[in-house]
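So you can see what is in the structure, the chains are spelled out below.
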Amino acid sequence: MVRFGTKPTAVVGGAVALAAGLHCISLGKGGGGLAEWEFLTSRTFDSNVPGLTLSRPSCLLMSRFRNPLTLLALTVAPVLGTGMLDAQSPVAMKAVPVNEDPGDPPAKKKELTAGWKTESEARALNLNIPAPRGQIVDRNGVPLAQSRVVMYLALNYPFLGKGATDAEIVGYGRSRIMQANSLLGKRWDLAPDKLLSHYKNRRWLPMVFSTVDGLNEEITPDQQRKLTPLLKPGSGMLLQAAYLRVYPKGASAPHVIGFVGRKRALPTTPAQDGDPIFEETEGRDGLEKSFDKDLEGKPGVVNVLFNSDGSKATEEMVRRPMPGNNVVTTLDYNFQKYAEEALAQNTKGGAMVIMDVKSGDVLALASYPLFDPNLFIPGITSENFQRLNENKQLPMLARAFRGEYPPASTFKVVVSLAALESGVVTARTGYDCSPSLWIGDRYFKNWNRDGEGYMNVVSAIKRSCNTWFYQAGMAIGAPAISDTAMRLGFGERTGIPLAAESPGFVPTDGWWMGRYGSKMMSGDIANFSIGQGATLVTPLQTVQAMAALADGVNMPQARLVKQIQDPNDRVVQAFAPATRRRVDLRQDVRDSVVKGMVAVVNGSGGTGRAAALEQCQIAGKTGTAQWKPAEDRNLAWFTGFLPADNPVYAYAVIYEGQPGEDVSGGRKAAPIVHDVFERILKDGNPEEPLLLAVQAEGSAKGIPLSSEDEEVEGGRSYAAGSGPAGGAPPPPPPPPQEDRKGLGGFLRKLFGR
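Calculation criteria
- Residues numbered from 1 in each chain as written.
- Predicted model: local features only at pLDDT ≥ 70, side-chain atom pairs only at ≥ 80, totals over all residues.
- Heavy atoms only, no water.
- Helix = DSSP H or I, 4+ residues; strand = E, 2+ residues; numbered from the N terminus.
- Buried < 20%, exposed > 50% of the residue type's maximum accessible area, 1.4 Å probe, protein only.
- Contact = heavy atoms within 4.5 Å.
- Areas by Shrake-Rupley, 256 points an atom, 1.4 Å probe, with all protein chains shown as cover.
- Pairing = 2+ DSSP bridges.
- Axes fitted to C-alpha atoms, helices over the stretch in contact; angles between N-to-C directions.
- Parallel < 35°, antiparallel > 145°, perpendicular 65-115°, else oblique.
- Left-handed = near helix turned anticlockwise from the far one by under 90°.
- Nonpolar A, V, L, I, M, F, W, Y, C, P; charged D, E, K, R; others polar.
- Phe/Tyr/Trp six-rings, centres within 6.5 Å; stacked < 30°, edge-to-face > 60°.

Helix and strand content of the protein: 19 helices and 28 strands. Out of the 753 residues belonging to the protein, those deemed buried represent 55%. In the protein, 74% of the contacts between residues at least 6 apart in sequence involve partners at least 24 apart. Accessible surface for the protein amounts to roughly 30500 Å². Of this, 51% is attributable to carbon and sulfur atoms.

Bringing the pairing of strand 20 (residues 442–445) into the picture now. Pairing between strand 19 (residues 436–439) and strand 20: four bridges, direction antiparallel. Bridging across to strand 20, Trp438 finds its partner in Tyr443. Connecting the antiparallel pair strand 19 and strand 20 is a turn made up of two residues, with Gly440 showing a positive phi of about 65°.

Time to look at the packing of helix 15 (residues 539–551) against helix 16 (residues 587–602). Orientation of helix 15 relative to helix 16, taken along the N-to-C sense of each, is 120°, at an axis distance of 10 Å. One element, helix 15, and the other, helix 16, form an angle in the oblique class. Here helix 15 and helix 16 pass one another in a crossing that is left-handed. Packed against helix 15, whose contacting residues are Met546, Leu549, Ala550 and Asp551, the element helix 16 presents Arg590, Val593, Val594 and Met597 at the interface. Here the residues of the contact of helix 15 with helix 16 are counted per class, giving six nonpolar, no polar and two charged.

A word on the packing of aromatic side chains. The description of an aromatic ring pair uses the distance of the two centres, along with the angle that the planes make with each other. Under the criterion given, the structure shown has 23 aromatic pairs. With a centroid separation of 5.4 Å and 35° between ring planes, the pair formed by Tyr157 and Tyr172 is classed as tilted. Taken together, the positions of Tyr157 in the loop between strand 6 (143–155) and helix 1 (166–184) and Tyr172 in helix 1 put the pair 15 residues apart, joining distant regions of the chain. Ring geometry for Phe259 against Phe376: centres 3.9 Å apart, planes inclined by 10°, an arrangement best described as stacked.

If you want it as structure tokens, here you go:
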């Protein structure tokens, strides 16, 4: 459970409840200025900051001014007072409903009605008070989404008399708007038809006019002070309070958190019971959308009787608004920040995912480029929307879980597992790592133009030899590869609560038959074996597969949300760690593949040495994919887990190359992994699980590598450029020519380099 500022030991990382100015806000009684608040009840509790005692109001605050609308407890945090929140503040807030105190039950309120003596222009209304949305926080209570109180400038029409003309009505409103514009240097305006409609249908309620491009513009504290002379009772203007969503970390995890938008426009028809007193919002993307019902809270109701001149006669709070629940994610804000900063420094487009191997907790789910979700609050301008929409780098694309990419050589881990578990290939089976291999009707190339000789699976993974995997893949066939890939979670969504997650795609013989009229041929299997062709994966799927390999027995269920808490810190729904499925890898098979991945980073000639850390041993696999040939763009991958001998975290990084850019997993993606985990180990707290694993006895030793690990049948070890090892088996005979039934041209395009 994450406690929002109520218990010193409850929140790792020092999340603190904000003491200064916990706000219960009144829409008050009267004409305007900054209200002075009076606490009726309060109690104190200890914070997790030594020596600091915080006030936790269970309160009803009363204004000393006379306002047109209602006495309203907008409640305590997650609502933040205007100007209180620094965008980089790590403060976590406690959401406290105003009716939580179990003292004397409130007296039953009698609804106010306009009786026969009430003047014809008077009104009695039951108005809805939208509730503040709950918070979204990281695993340590760091706030990622909150609500705060803002003020807008609004007209407050009095009754202008039964004989008031349209020109007089419009003139009254326009004169007040011009006064505000003159004082603040603004150009606010409202169309005459809107002024007339509001006066005739809804003049008892405020009409916000501090708007730009149809979006409400907040009145700052400095502007509020300047406006004081214009906000006297009867002036026709007032400050209208409302809740506004805020994302205190700005452009951090926006693809995960999402954003909110206006649920519906305020009514323009005659005022009636149930109308909201300010705009309501709803989740539009990310967790804001997935957990909208949990976050939105329960609206309050106030019964108000207005005099004919627009002033409020009496009011009764029928039901106070109840803040929404808080969503506690599995994200670690520091991990997320490190990943985003590394991507920003090294890429123009990419993603990084970090997952806890045992629990499946997603600690970082970073996509780059980023966008600031605050741009959507209270709504996005046409200019900002156009800039985001036309950005060729696609900042709105959630690459970490929505982007589908060819896995390239990272898929060789899957093929290695399939080959070894089939029994057709053993840990010492040797294939020639030649510069190219004739398959079907064409040559399939290796990335290295020089022959590297015979090698086993450990050497093949270390050197990422394409021609070795062509031969291994053809030896075991497509079904074994497809089955192993699906067993490791590819081709299906991981199940995180984000609607935009993509399933990826794993081809099968059945799919191939339906699409092309035959099962996969040798050339198709060769391409399949190096992660090219029809196969598509997401970075999140890739890290899930690495977590399964790291464990060896179970694949964890990816978990993005730990629990839902009500405003009193009670857990109303928990999402416990779970096993998605058993993978039950044979120990000898897993050992061989992991040893190859360790050699990628730590062995002589490994393709991922740029990821190496001094503190611990990393297991990894590089990949370089043909991606968008029409644009001459390729991808770079690096994925794996660490520490290699005592896995704590799995990771995956993808780097999107620019047109014409020469990329490789070892040069582009591996350094990002190094940078992020170097920061985690150096800047992490003493309880950081990775640091504890590194400090554990034996972890520094890691998995030993020796020349025997790379021996092929016949007793010789791999040596780059050595040619066939003495006593090694001869290369397999070339596959027979296959009848492609008119598909030769298509396949040449599909497999062409």
